[in-house]
Amino acid sequence: MLLTSTDESLLSIAQMVGYHNDLSLSRVFKRRIGSAPGKWRHMMKQTRSSPPEPDRDSGGVGINPRAFRVM
């Protein structure tokens, strides 16, 4: 997960996975995960725990950033 494995900005990550801006990625991330990406990143770094298990209702997609890619 790019949010926890790099210190790249949200804008850079958004562009890497196919979004034109960070706001679009933030909206989708918050809708799917329930937390803003920056807040989630901070929480993951603080707890040093592994990311949550994939959401079974999403077909196992979980929080894979490529799942948010615009087609």
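Here is what the cut-offs are and how they apply
- Each chain carries its own residue numbering, running from 1 in the written order of its sequence.
- With the structure being a predicted model, the display of local features is reserved for residues of pLDDT at least 70 and the display and counting of side-chain atom pairs for 80 or more, all residues being used for whole-chain, interface and lining totals.
- Processing note: side-chain calculations cover all non-hydrogen atoms of the structure and skip hydrogens and water entirely.
- Helix numbers and strand numbers start at the N terminus; a helix is a DSSP run of H or I with at least 4 residues, a strand a run of E with at least 2.
- Working definition: with a 1.4 Å probe on protein chains only, accessible area under 20% of the residue-type maximum means buried, over 50% means exposed, and in between means partly exposed.
- Contacts are assigned to residue pairs with any non-hydrogen atoms lying within 4.5 Å of each other.
- Surface accessibility follows the Shrake-Rupley procedure with a 1.4 Å probe radius. Residue values consider only the protein chains on display as shielding.
- When a carboxyl oxygen of Asp or Glu is within 4 Å of a side-chain nitrogen of Lys or Arg, the pair counts as a salt bridge.
- Each direction from the helix axis to a C-beta atom contributes to the arc, which is the arc of those directions.

Observations regarding the overall build of the protein
From N to C terminus, the protein includes 4 helices and 0 strands. Along the protein, helices (α) and strands (β) appear in the sequence α-α-α-α when read from the amino end. Across the 71 residues in the protein, those meeting the buried criterion constitute 27%. In the protein, the proportion of contacts linking residues at least 24 apart, taken out of those at least 6 apart, comes to 48%. Surface exposure of the protein reaches about 5,000 Å², of which carbon and sulfur atoms provide 50%.

As for the pattern of salt bridges
In a structure, side chains of opposite charge can pair up when their charged atoms sit close to one another. For the structure on display, the rule yields 1 salt bridge. Between Asp 7 and Lys 45 there is a salt bridge; the shortest N-O distance is 2.6 Å. In this pair, Asp 7 sits in the loop between helix H1 (2-5) and helix H2 (10-16) while Lys 45 sits in helix H4 (residues 37-47), placing the two residues 38 residues apart along the sequence. In this structure Lys 45 comes out as partly exposed when scored by relative accessible area, which is 36%.

Quick look at the environment of Met 16
Position of Met 16 among the secondary structure elements: in helix H2. It is 9.5 Å that separates the C-alpha atoms of Met 16 and Leu 2, two residues lying 14 residues apart in sequence.

Comments concerning H4
Along H4, the residues classified as buried are Pro 37, Trp 40, Arg 41 and Met 44. Buried residues of H4, seen end-on, are gathered within an arc of 100° and therefore sit on one face of the element. Seen from the open side of H4, the exposed residues pointing more than 90 degrees away from its buried face are Lys 39 and Gln 46. Tucked into the core, H4 has its buried residues touching H1, H2 and helix H3 (22-33). Immediately downstream of H4, the backbone of Arg 48 shows phi near 55°, a positive value.

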